[in-house]
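# Close look at the chain arrangement
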Amino acid sequence: MTDIVENRLARLRKRMVDTNTDLIAIGPGSHMQWLLGLNPHGDERPVMAIVTADHVGILMPLLNAEASRAQCINVPFYEWSDADGPLAALTQLLTEANAKRPGLSIVLDEMMRTDFSFLLLDQLDTPNHRFTLDTVGLLRAEKDVEERRRLKDSALLNDAAFERAFEALRTGMSEIEVRDIIIDHYMENGAEPAFCIVAFGKNSAYPHHHTGTDTVQPDMAVLIDSGCRLQGYPSDMTRCAWYGDTPTARFNEVAGIVEKAVQSAQSAAQPGTLCSDVDMAARTVIEDAGFGPDFLHRTGHGLGVDVHEPPYIAANYPEPLRVGNVFSIEPGIYLSDEFGIRLEDVAFLHSGGVEILSEIPRTVRLLRVRD
């Protein structure tokens with residue numbers, strides 16, 4: 001068991017005491033990867049880690065045990081074969097974890113398969129269950145120094161990929177060609193692409209546009225929203241540009257409003273501020289400018305092991321921000337059949353406010369026409 005795993009288990013057990021939680025069950029996915037450094041093969045065969053006050057163990061299919069054990073040393077596996085099924089191994093795990101008494105308060109991984117959750121619940125006597133928001137989820141949202149470093153490195157690599165794409169843009173290039181330039185840069189520098197949206201002209205009015213074969217032409221809006229995964233942690237950034245000599249007055253107006261919305265949300269983001277209030281800070285700027293119905297999504301989302309994770313900077317998420325939270329701030333205005341502008345940065349929350357991880361300007365770029 002590594003020092004990181006031991007530290008995270010200790011923090012989780014303290015949180016279990018604070019929340020009167022008896023047992024936490026997590027399945028294959030980002031919670032297990034964060035807590036135990038384990039990313040096992042996932043299929044219909046039940047896999048789950050059980051954590052109690054004084055025990056941790058992993059229900060594991062026999063055929064995957066050896067490959068998984070190398071990732072997670074000194075945590076006991078409760079192995080089961082296809083011939084026998086998982087029930088006996090799970091019963092042994094629960095017994096050794098002192099988890100057979102009635103009325104346990106348990107936390108279920110919301111990303112775990114439903115049949116895995118039901119398998120566990122069927123073995124417990126009248127449990128009370130909830131999801132991970134106030135335990136694993138809360139701890140994952142409070143990034144440590146090493147996580148901040150990895151997120152920063154990922155952001156800087158993303159910066160360089162954007163710069164390369166903007167420098168390469170030429171009349172007639174397709175969205176796919178620009179996307180490939182960005183992805184190639186990620187892979188050449190040891191990262192994997194997490195996602196990449198390139199949208200020209202009217203396509204930029206669709207927040208989740210599917211990058212396609214449309215080409216860039218003079219006097220056209222350009223929107224790029226992309227991120228990579230480096231050292232296990234993602235980046236996420238959106239920048240906009242105008243390909244041509246002079247943007248339209250309407251484009252400049254909308255860009256200015258979106259930038260003010262970003263600044264308003266960044267200023268509002270302080271420890272203890274509700275996520276919903278940060279969303280409102282951005283939304284009010286856009287609504288006051290008369291574009292409220294054209295802001296189609298929340299203001300932001302957390303980043304960590306996942307590209308999207310708590311905290312969510314949204315009207316329906318009234319949770320307080322905490323030091324160590326990492327989240328995007330990305331208001332946008334989308335004008336159908338015209339263009340869309342979204343400006344996005346990822347912020348790390350310190351005691352005195354936000355640190356923006358990207359180092360390239362958020363200003364909408366003017367790109368000269370190049371044939």
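Relevant structure appears above.
Description of the structure in this document. (Residues numbered from 1 in each chain as written. Predicted model: local features only at pLDDT ≥ 70, side-chain atom pairs only at ≥ 80, totals over all residues. Heavy atoms only, no water.)

### Some thoughts on the packing of aromatic side chains
Under the counting rule described, the total for this entry stands at four aromatic pairs. Ring geometry for F162 and F166: centres 6.5 Å apart, planes at 65 degrees, overall edge-to-face. Taken together, the positions of F162 and F166, both in helix α7 (residues 145-168) and four residues apart, correspond to about one turn of that helix. Assigned by exposure class, F162 and F166 land together as buried. These aromatic residues form a ring-pair network of at least three members: W242, F251 and F339. (Phe/Tyr/Trp six-rings, centres within 6.5 Å; stacked < 30°, edge-to-face > 60°. Helix = DSSP H or I, 4+ residues; strand = E, 2+ residues; numbered from the N terminus. Buried < 20%, exposed > 50% of the residue type's maximum accessible area, 1.4 Å probe, protein only.)

### A closer look at the packing of α7 against helix α8 (residues 175-188)
Direction vectors running N to C along α7 and α8 enclose 145 degrees, while the axes themselves pass 9 Å from each other. With respect to the hand of their crossing, α7 and α8 are arranged in right-handed fashion. Contacts from L157, N158, A160, A161, F162, R164, A165 and A168 of α7 reach α8 at V178, I181, I182, H185, Y186 and E188. Classifying every residue of the contact of α7 with α8 by side-chain character gives 10 nonpolar, two polar and two charged. (Axes fitted to C-alpha atoms, helices over the stretch in contact; angles between N-to-C directions. Left-handed = near helix turned anticlockwise from the far one by under 90°. Contact = heavy atoms within 4.5 Å. Nonpolar A, V, L, I, M, F, W, Y, C, P; charged D, E, K, R; others polar.)

### Concerning the environment of L121
Among the secondary structure elements, L121 is positioned in helix α5 (residues 114-122). Residue class for L121 comes out buried when judged on its relative accessible area of 18%. Remark: the alpha-carbon pair of L121 and L108, spanning 13 residues in sequence, is separated by 9.6 Å. Here L121 is in contact with I106, L108, P127 and H129, once residues within four sequence places are set aside.

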